[in-house]
Amino acid sequence: MYSAFAPGRVEILGNHTDYNQGLVLSAALELGTTCRGRKIEEQQYRFRSEGFTKTYQFPTGQTLQPVADWVDYPLGVLAMFIRRGFEIPPFECEFSSTLPVGAGLSSSAAIEVSFALFLCRLCGLEIQAFELAQLCKQAENEFAGVQCGLLDQVSSIFGKKDHFIFFDCKTHGVRRIAMPAGAVLLICDSTVRHELTSGEYNERRYSCFEAAEKLGFKSLREATTEQVVNSKLPELLKRRALHITGENERVRLAVEAMKKGDLAEMGWLLFESHESSRRNFENSTEELDELVEIARKIKGVYGSRLTGGGFGGATVSLVEANRAEQIAQELVEEFRRRRKLEAKVLICPVGDGAVETEDYLPNLSGS
Ligand code: GLA
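The rules behind the values
- Residues numbered from 1 in each chain as written.
- Predicted model: local features only at pLDDT ≥ 70, side-chain atom pairs only at ≥ 80, totals over all residues.
- Heavy atoms only, no water.
- Salt bridge = Lys/Arg side-chain N within 4 Å of Asp/Glu carboxyl O.
- Helix = DSSP H or I, 4+ residues; strand = E, 2+ residues; numbered from the N terminus.
- Buried < 20%, exposed > 50% of the residue type's maximum accessible area, 1.4 Å probe, protein only.
- Expected span 1.5 Å × (residues − 1).
- Pairing = 2+ DSSP bridges.
- Contact = heavy atoms within 4.5 Å.

**Observations regarding the pattern of salt bridges**
Here is step 1: Per the counting criterion, the structure on display carries 28 salt bridges.
Here is step 2: We note a salt bridge from Asp-152 to Arg-9, for which the minimum N-O separation is 2.7 Å. With a gap of 143 residues between them, Asp-152 in helix α4 (residues 151-158) and Arg-9 in strand β1 (residues 2-13) connect regions that are remote in the sequence.
Here is step 3: Taking the relative accessible area as the measure of exposure, Asp-152 reaches 12% and is therefore buried.
Here is step 4: In this structure Arg-9 comes out as buried when scored by relative accessible area, which is 4%.
Here is step 5: For the salt bridge of Glu-131 with Arg-84, the shortest nitrogen-to-oxygen distance reads 3.7 Å. Taken together, the residues span a long stretch of sequence, with Glu-131 in helix α3 (residues 129-144) and Arg-84 in the loop between α1 (72-83) and β5 (91-97) at a distance of 47 residues.
Here is step 6: Salt bridges linked by common partners bring Glu-286, Glu-290, Glu-334, Arg-337, Arg-338 and Arg-339 together as one network.

Structure, rendered in structure tokens:
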């Protein structure tokens, strides 16, 4: 029997910056997905999951195609391993997860990464950790049809207990920064999902690329807020671009604030980020806005914002550690009162990534 665990992640700042070659601040969670399995005699690849009733099996030696269901995440990873020329023996595997699905905590990357590590163990393969992240991302791009960046997979792989991950998507530098003392992360799932999420996501991505091209840059990473403000970009593209340049700047400021243990500044940056999502990137929802507004008025909340792709899902708040339980309760009660909805709150300890060896880290200088 072989097994591998990979955590979900929470994006703390740097919204939609990853595919714009920008900067991200994230953390791995203690919640995640475990993949267990073994080699079998029958010439098949078999997948099952505790959370989904439908099981899948595919004959070995055939071209793998997406089937528009949960299995596309591991299936895509399997296809990428095979494409890279690795010989994968027949196997059966099962997934179990402690992550809420669709809450924006990257349950999909946790499936991909746990399965990729399972395959490495099953076949005795040694793949460099960053390459593993790229392979999982490619699987998601091609099999799930979401043109995501590397944030989710990198966070799941490189997380470290009680540390935030600073990831430079241009240089691929990864740095782990100790979390500010006295604060914890509180994740609040609005439980409202939007169906067109991947379509909206891909549309934002194209807008960003278009804005960069019109500005004469390879990516929005090269642009500053001032340049965007003074540009002749059409109004909509200008707002999209401003979100990205603003987020890059906020990540830099947050890293400085963390060095000083300045929680008030960090919190302010989170609120600013949400405001930019709401106005500029338009990837928030009424429910997420409401959760942030409620959090803003609760004593002990430093900052709050939507986390992940947006268009539904969850908020992340940075809160005073010894008031976290009470804050969680107040948030849920007020949200229920205003929206008649049951939000789900998690006080999330920050956990280790799936790959714990420091040797794997590429270019640690990073910034
Ligand atoms: C999703 C994607 C990530 C990233 C975030 C937004 O989680 O999977 O690659 O783009 O949205 O920052």
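Having seen it, we continue.
**A closer look at helix α2 (residues 107-123)**
Here is step 1: A rise of 1.5 Å per residue sets the reference length of α2, with its 17 residues, at 24 Å; its end C-alpha atoms lie 24 Å apart and thus fit the reference within 8%.
Here is step 2: Counting buried residues in α2 gives 15 out of 17 residues, a clear majority hidden from the surface.
Here is step 3: After α2 finishes, the residue Gly-124 shows a positive phi value of roughly 65°.

**Considering the pairing of β1**
Here is step 1: Across the 12 residues of β1, nine count as buried, placing the element largely inside the fold.
Here is step 2: Relative to strand β2 (residues 23-39), β1 is paired through 10 bridges, and the arrangement is antiparallel. Each bridged residue has a counterpart across the sheet, and for Leu-13 the counterpart in β2 is Leu-25.

**What about the environment of Val-192?**
Here is step 1: Positionally, Val-192 belongs in strand β8 (residues 183-193).
Here is step 2: Sequence separation of Val-192 and Met-80 is 112 residues, and the distance between their C-alpha atoms is 32 Å.
Here is step 3: The residues touching Val-192, leaving out its near neighbours within four places in the chain, are Glu-287, Gly-312, Gly-313 and Leu-341.

**Here's the deal with the side chain of Glu-11**
Here is step 1: Position of Glu-11 relative to the elements: it lies in strand β1.
Here is step 2: Excluding its chain neighbours within four sequence positions, the residues that come into contact with Glu-11 are His-16, Leu-25, Ser-26, Leu-151, Arg-305, Leu-306, Thr-307, Gly-308 and Val-316.

Read these as layout, nothing more, since geometry by itself doesn't imply function.
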